[in-house]
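Tertiary structure, described
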Amino acid sequence: MRNATAIALWTAWAAWAQTANPVAGDPASVEVGRGIFRIYCSPCHGIRGEGGKGPSLLQGTLHTGGSDAELYQAIAAGIPGTEMPGFGGALTADGVWRVVAFLRSVNQPGTPFIPGDRVEGERLFWTKGGCGQCHRVGTRGGRFGPELSRIGRARTLQHLRESIENPGRDVAAGFATVSVVTRDGRRIVGIERGRDNFSVRLLDAQEQYHSFLKEDVQSIQPETRSLMPSYRNVFTAKELDDLLAYLASLTAAAPGR
Ligand code: HEC
Ligand code: HEC
């Protein structure tokens, strides 16, 4: 038993310390990696790695760093402070290396072409768009919506476009809308910021917190719509491209690193 633990630890350490992928370029391993990817990764990264809710892993530099070891680390341990979970528990070291081999086989290094003018997009973000009222970038902006300092890494262009035109379609994790009706008939809509056996807390669009004791509440209903307004038809096609170019350029380091 002790031995088995020691061996497991050693294997984990060996995989950790290894800098080169032992199965790099091996066609059979790439295929196994593709299968693992479909099961564990495609819900966020798309069936071929083209991206969806999470970033595309096909095009451009993998921001995690140049080396296979860094990719291994990101997949095994996750990226702290982001939605990227760790798979060290679900996959063996071998499995992770095969996924790395698969990613290498489909990734084309180089910077993807992004139409639009980043500087103009930044201006729109803080002026016409009013995005900064609800979103923080770096140290500036509001706190009602998710911080966007890293959004260019976390989302594909397609998903960003959708977030702007159709925010209700896929509400960001941790930003679920709820409506609370109190016993005296008031209805308050906001983002849920905590609930326990006795109370519930909401943040409304004016960034005001509301705290309710459960005994004072008639109902708590989840809402499917987002509290972000839709910007469909607000921007010209060119303005939207500019805005997307700005968002794509927001690639701050992960908070946990
Ligand atoms: C729950 C959704 C989700 C799942 C499942 C998921 N990822 Fe991720 N992944 C993300 C998100 C979101 C990011 C971007 C994190 C960030 O940098 O803000 C990411 C980032 C990454 C990165 C870094 C990309 C870069 O540019 O460096 C790699 C590599 C990666 N994921 C691989 C995988 C692999 C392989 C799997 C399956 C074993 C997987 N992911 C499963 C959501 C997910
Ligand atoms: C009234 C506040 C408000 C304004 C103004 C606003 N947003 Fe949002 N935004 C939110 C909220 C709340 C969410 C989280 C719910 C959701 O995902 O729909 C969100 C989500 C997002 C997301 C998805 C974030 C993620 O982590 O997936 C993006 C991207 C985004 N907003 C961009 C913008 C841009 C660009 C503008 C300006 C054109 C803008 N927002 C204006 C409140 C706002």
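It is common to report an interface's size as the accessible area lost on association of the parts. On domain assignment, one finds that the protein holds domain 1 (2-106), domain 2 (118-171 + 229-248) and domain 3 (177-223). For domain 2 versus domain 3, the distance between C-alpha centres works out to 27 Å. Facing 4 residues of domain 2, the contacting portion of domain 3 comprises 6 residues. The contact between domain 2 and domain 3 buries some 420 Å² in all, and 60% of this surface belongs to carbon and sulfur atoms. On the domain 2 side of the interface with domain 3, the three residues burying the most area are Arg143, Phe144 and Val171, jointly 90% of the side's total. There are 0 salt bridges connecting domain 2 and domain 3. For the interface between domain 2 and domain 3, the tally reads 1 residue pair in polar contact (both at pLDDT 80 or more). Classifying every residue of the side of domain 2 that touches domain 3 gives 1 nonpolar, 2 polar and 1 charged.

Before going further, it helps to spend a moment on the coordination of the iron atom of ligand 2. Surrounding the iron atom of ligand 2 are the protein donor atoms His135 (NE2) and Met228 (SD), which sit 2.0 Å from the metal. In this structure, the iron atom of ligand 2 is surrounded by 6 donor atoms whose angles at the metal cover 87 to 178°, and the resulting shape is octahedral. Linking His135 in the loop between helix H6 (118-126) and strand E1 (136-137) with Met228 in the loop between strand E7 (217-223) and helix H9 (237-248), this pair joins segments that are 93 residues apart in sequence. Met228 sits in the partly exposed class, given a relative accessible area of 25%.

Not every one of the 28 residues close to ligand 2 is listed here, only the nearest: Cys131, Cys134, His135, Ser226 and Met228. Those elements that provide at least two residues to the shell around ligand 2 are helix H8 (157-165) and H9. Element by element, the count of residues in the shell around ligand 2 is highest for H8, at 3 residues.

This next bit is on the coordination of the iron atom of ligand 1. Around the iron atom of ligand 1, the donor atoms from the protein are His45 (NE2) and Met84 (SD), and they sit 2.0 to 2.1 Å away. Between the 6 donor atoms coordinating the iron atom of ligand 1, the angles at the centre fall across 87 to 180°, so the site counts as octahedral. Taken together, the residues span a long stretch of sequence, with His45 in helix H3 (residues 42-45) and Met84 in the loop between helix H4 (68-77) and helix H5 (93-106) at a distance of 39 residues. You can call Met84 partly exposed: its relative accessible area is 23%.

Before going further, it helps to examine the side chain of Glu223. One can find Glu223 in strand E7. Within the structure, Glu223 has its side chain in polar contact with the side chain of Arg187 (distance 3.0 Å). What Glu223 contacts, discounting residues up to four positions off in sequence, is Thr177, Val178, Ser179 and Arg187.

The next thing to look at is the packing of aromatic side chains. If you walk through the whole model with that rule in mind, you get 6 aromatic pairs. Ring centres 5.2 Å apart and planes at 50° place the aromatic pair Phe37 and Phe102 in the tilted group. One end of the pair, Phe37, is in helix H2 (residues 27-40); the other, Phe102, is in helix H5, and 65 residues separate them in sequence. The exposure class of Phe37 is buried, given its relative accessible area of 1%. When the centroid spacing of 5.6 Å and the interplanar angle of 10° are considered together, the rings of Tyr231 and Phe235 count as stacked. Pair check on accessibility: Tyr231 and Phe235 agree, each one buried. An aromatic cluster of three or more residues is present, and its members are Phe125, Trp126 and Tyr246. One Lys or Arg, Arg140, reaches over the ring of Trp126 and ends 3.9 Å from the middle of that ring. In this structure, Arg201 is placed above the aromatic ring of Tyr209, and the distance from its NZ or CZ to the ring centre is 4.6 Å.

So, on to the packing of H8 against H9. Two numbers describe how H8 lies on H9: the axes approach to 10 Å, and their chain directions differ by 120°. With respect to their mutual orientation, H8 and H9 come out oblique. Where H8 crosses over H9, the two elements pack in a sense that is right-handed. Between H8 and H9, the residues in contact are Leu157, Leu160, Arg161, Ile164 and Glu165 and Leu240, Asp241, Leu243, Leu244, Leu247 and Ala248, respectively.

Analysis parameters
- Residues numbered from 1 in each chain as written.
- Chains lettered and ligands numbered in written order.
- Predicted model: local features only at pLDDT ≥ 70, side-chain atom pairs only at ≥ 80, totals over all residues.
- Heavy atoms only, no water.
- Domains from an automatic or database assignment.
- Contact = heavy atoms within 4.5 Å.
- Buried area = accessible area lost by both parts, 1.4 Å probe.
- Salt bridge = Lys/Arg side-chain N within 4 Å of Asp/Glu carboxyl O.
- Polar contact = N/O pair within 3.5 Å; in protein donor to acceptor, adjacent residues only side chain to side chain.
- Nonpolar A, V, L, I, M, F, W, Y, C, P; charged D, E, K, R; others polar.
- Donors = N, O, S within 2.8 Å, 3.2 Å for Na, K, Ca; no water.
- Tetrahedral: all angles 85-135°; square planar, octahedral: opposite > 155°, others 65-115°.
- Helix = DSSP H or I, 4+ residues; strand = E, 2+ residues; numbered from the N terminus.
- Buried < 20%, exposed > 50% of the residue type's maximum accessible area, 1.4 Å probe, protein only.
- Near = heavy atom within 4 Å.
- Phe/Tyr/Trp six-rings, centres within 6.5 Å; stacked < 30°, edge-to-face > 60°.
- Lys NZ or Arg CZ within 6 Å of the ring centre and 35° of its normal.
- Axes fitted to C-alpha atoms, helices over the stretch in contact; angles between N-to-C directions.
- Parallel < 35°, antiparallel > 145°, perpendicular 65-115°, else oblique.
- Left-handed = near helix turned anticlockwise from the far one by under 90°.

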